[in-house]
Amino acid sequence: MAVGVFELFSVGIGPSSSHTVGPMRAGAVFARELRERGLLEEVASLRVDLYGSLAATGRGHGTFTAVLLGLERFEPEEILPEQVEERLAAMAQTGRLNLAGSRELDYTVDDMLLHPLTVLPRHTNGMRFQVADDAGATLHEATFFSVGGGFIVREGEEETAQKELEESKKELPFPFHTAAELLGRCASKGLKISDIMLVNEKASRSEEEIREGLLHIWRVMEACVESSLKREGLLPGGLKVRRRAPDWHERLLKEDKDRDPLYWQEWVNLIALAVNEENASGGRVVTAPTNGAAGIIPAVLYYALNYAPGMAGATGRDAQRHRDDVVVRFLLAAGAVGVLYKEQASISGAEVGCQGEVGSASSMAAAGLAEVMGGTPAQVENAAEIAMEHNLGLTCDPIGGLVQVPCIERNAIAAAKAINAAKMALWGDGSHRVSLDEVIVTMRETGRDMSSKYKETAMGGLAVNVVEC
């Protein structure tokens, strides 16, 4: 299936799309297959093997518990934080897993087999599930890879998935694989980038469904911020990182009662921090395109809705309609750029470093902002290129395997980069020396050449040079 805006922006729980959402999704797929094949009554034992980055940083990323929840048939899009707490407490108390929601087994996190130094050929985020009967005979087994943004790929189906992707793209009205092709579509049809993306999305949904779906995504982003601003104290995990968003919000309400444009960056910082503090708490967030980079797009979209020309002070039904239009066009344009990264390179920190997560999100946000501020397709592409160019080489080295340091502040910094990139592009005419396609290829190659210890393994960088306690 062709990657679309609703694959890039999906609702899940924190703290990581590749280490929490993806493993939960894989566990749920395996559980569903057991039920569909009528195997549950025969299951006597379960084996879960986690490889590479999932094993190395899985405890801090919530991977182990996410797998258990998935095996109980919970889906990341539907499960609520309070359900997570309830089920994990029950598992801890009883030591039992309710496989596929109907088969109880004695199984806990401690029963998982971890292989942090073993990387399976397809991807460093590998996981293998196996169930056996009373005699020890294997009933069913499957290996999955969590490839970033909550996307999963099954071992042995990579070529099939790629062929299906290529075939599904042919069915789109305006298929594109590169930024050059995307710009060519815009030029030949006289359309904006968000228009091209909308027409493609309409191949599988009505325009009303697309609009409502994207507005729902924005509402979840807003709810994420609201939830975060109510939390105080320290983030979970043992690093003793203090939540800053509630205090910052209180200060801003006192200092900026009239929404002075001079405070735009403080508000952008606040939104980014709030989202990522909520993510670090295991709260409900939108992968945009990943959980680790979830704060960038909502922060820049907040800027577009409150500080872009023509937005400040607008009220009434027409104003609300206009705001909704901005949200939809922003996310469509950002999604178009996200498709390029997902299909040409990677959005997985474990595969290409944080340039694939924060860098991609910053690039997408810059494109979305340039689009809604009236940029031409060439200017939008330029904005996306500028933002990524200055995130190249960004490593993924979270302390303690927790999506907290440097991840939370990094989202705020990247949001500001995205806004500046859009403004720089809009002051130009769209012509520039380095293309977005060239930057994407460079990001992919940089990630391939980057030492593995700087790619979400907790073996290099801040992860080893900063004392955790």
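Notes on the structure in this doc start here. Residue numbers restart at each chain and count upward from 1, following the sequence in its written direction. Per-residue local features are limited, in this predicted model, to residues with pLDDT of at least 70; the limit for side-chain atom pairs, both in listing and counting, is 80 or more; totals at the level of whole chains, interfaces and linings are taken over all residues. To obtain the side-chain values, all non-hydrogen atoms of the structure were used and water was disregarded.

1. What to know about the overall build of the protein
In plain terms, the rule: The helix and strand labels rest on DSSP assignments: H or I over at least four residues marks a helix, E over at least two residues marks a strand, and numbering proceeds from the N terminus. When we talk radius of gyration, it's over C-alpha atoms, and the globule rule is simply 2.2 Å times the number of residues to the 0.38. By the counting scheme adopted, Arg and Lys are positive, Glu and Asp are negative, and His together with the chain ends is not counted. Charge positions come from single atoms, namely NZ of Lys, CZ of Arg, CG of Asp or CD of Glu.
The secondary structure content of the protein amounts to 19 helices and nine strands. For 469 residues, the compact-globule estimate of 2.2 N^0.38 gives 23 Å, and the protein sits close to it at 22 Å. Dimensions along the principal axes, computed over C-alpha positions, put the protein at roughly 70 × 55 × 45 Å. Of the side-chain charges in the protein, 47 are positive and 66 negative, and the distance between the mean point of each set is 2 Å.

2. Examining the environment of L215
Which entries qualify depends on this criterion: Any pair of residues with heavy atoms lying within 4.5 Å of one another is described as a contacting pair.
Assignment of secondary structure puts L215 in helix 9 (residues 207–229). Taking the C-alpha atoms as reference points, L215 and V327, 112 residues apart in sequence, are found 6.9 Å from one another. Among all residues touching L215, those that are not within four sequence positions of it are D324, V327 and V328.

3. Describing helix 7 (residues 179–189)
Just so we agree on the cut-off: Partly exposed describes any residue whose relative accessible area lies between the buried limit of under 20% and the exposed limit of over 50%, with all areas from a 1.4 Å probe on protein chains only and scaled to the type maximum. The arc in question is formed by the directions pointing from the helix axis toward the C-beta atoms.
A179, L182 and C186 are the residues of helix 7 that are buried. Looking down the long axis of helix 7, one finds its buried residues gathered within 60 degrees of arc, a one-sided arrangement. For helix 7, the exposed residues set more than 90 degrees away from the buried face come down to A180, A187 and S188. Once helix 7 ends, the next one or two residues include G190, with phi positive near 65 degrees.

4. Things to note about unusual backbone geometry
In this chain, G14 is followed by P15 through a cis amide linkage whose omega measures 10 degrees. Among the secondary structure elements, P15 is positioned in the loop between strand 1 (10–13) and helix 2 (17–36). A positive phi angle is found at R73, which is not glycine, with a value near 85 degrees. Residue classification places R73 among the partly exposed residues on the basis of a relative accessible area of 42%.

5. Some points on the sheet that holds strand 2 (residues 45–51)
Rule in force here: Strand pairing is assigned whenever DSSP identifies at least 2 bridges connecting the two strands. Helix axes are fitted only over the stretch in contact, all axes being lines through C-alpha atoms; the angle between N-to-C directions runs from 0 to 180 degrees.
Read across the sheet, five strands follow the order 5-2-6-7-8 without closing on themselves; strand pairing throughout is mixed. In the strand order of this sheet, the two ends are held by strand 5 (113–115) and strand 8 (151–154), each with one partner. Geometrically, the sheet is characterised by an average inter-axis angle of 20 degrees between neighbouring strands, direction not taken into account. Taken together, the seven bridges between strand 2 and strand 6 (residues 125–132) define a ladder with antiparallel strand orientation. When the sheet's bridge partners are listed, L46 is paired in strand 6 with V131. Contacts from helix 3 (residues 52–61) reach strand 2, strand 5 and strand 6 within the one sheet, and its direction differs from that of strand 2 by about 95 degrees. Contacting strand 2, strand 5 and strand 6, helix 4 (residues 63–71) runs over the sheet at an angle of about 140 degrees to strand 2.

6. Observations regarding the environment of T446
Assignment of secondary structure puts T446 in helix 18 (residues 436–449). Sequence separation between T446 and A272 is 174 residues; the distance between their C-alpha atoms is 26 Å. Not counting residues within four places of it along the chain, the set of residues in contact with T446 comprises Q355 and G393.

7. Focus: the pattern of salt bridges
How we decide: We define a salt bridge as a contact between a side-chain nitrogen of Lys or Arg and a carboxyl oxygen of Asp or Glu at a distance within 4 Å.
Going through the model one piece at a time under the given rule, you end up with 17 salt bridges. The residue R96 makes a salt bridge to E104 at a minimum N-O spacing of 2.9 Å. Here R96 falls in the partly exposed class, since its relative accessible area comes to 27%. Of the charged contacts, one joins K254 and E250 as a salt bridge, the two residues approaching to 3.6 Å between their closest N and O atoms. Placement of both K254 and E250 in helix 10 (residues 245–255) is noted, with a separation of four residues, approximately one turn of the helix. Taken together, the salt bridges that share partners define one network made up of R96, E104 and D106.

8. What to know about the pairing of strand 6
Counting buried residues in strand 6 gives six out of eight residues, a clear majority hidden from the surface. With seven bridges connecting them, strand 6 and strand 7 (residues 138–148) associate as antiparallel partners. Bridge pairing links R128 to T143 in strand 7. The hairpin formed by strand 6 and strand 7 contains five residues between the paired strands, and G136 there has a positive phi angle of roughly 90 degrees.

9. Some thoughts on the side chain of S228
Considering the arrangement of structural elements, one finds S228 in helix 9. Once residues lying within four places of it in the same chain are set aside, the contact partners of S228 are A245, P246, A274, E277 and E278.

10. Concerning the packing of aromatic side chains
Note the following rule: Within 6.5 Å between ring centres, the rings of Phe, Tyr and Trp (the latter by its six-membered ring) count as paired, and their orientation is classed by plane angle as stacked under 30 degrees, edge-to-face over 60, tilted in between. Only Lys NZ and Arg CZ are tested; either one counts as a charge over a ring when it is within 6 Å of the ring centre and within 35 degrees of the ring normal.
Within the structure shown, the criterion is met by five aromatic pairs. Consider the rings of F30 and F129, whose centres lie 5.4 Å apart with planes at 40 degrees: the pair is tilted. Placement of F30 in helix 2 and of F129 in strand 6 is noted, with a sequence separation of 99 residues between them. In this structure F30 comes out as buried when scored by relative accessible area, which is 0%. Above the face of the W267 ring, R259 is positioned so that its terminal group lies 3.8 Å from the ring centre.

11. Description of the side chain of T290
Relative to the elements of secondary structure, T290 occurs in the loop between strand 9 (284–287) and helix 12 (296–307). Residues contacting T290, with those up to four places away along its chain left out, are S17, G149, I347 and E357.

12. Topic: the pairing of strand 2
Along strand 2, five of the seven residues are buried, which leaves the element largely enclosed by surrounding structure. Judged from the three bridges that link them, strand 2 and strand 5 form a sheet pairing that is parallel. By the bridge assignment, D49 is partnered in strand 5 with L113.

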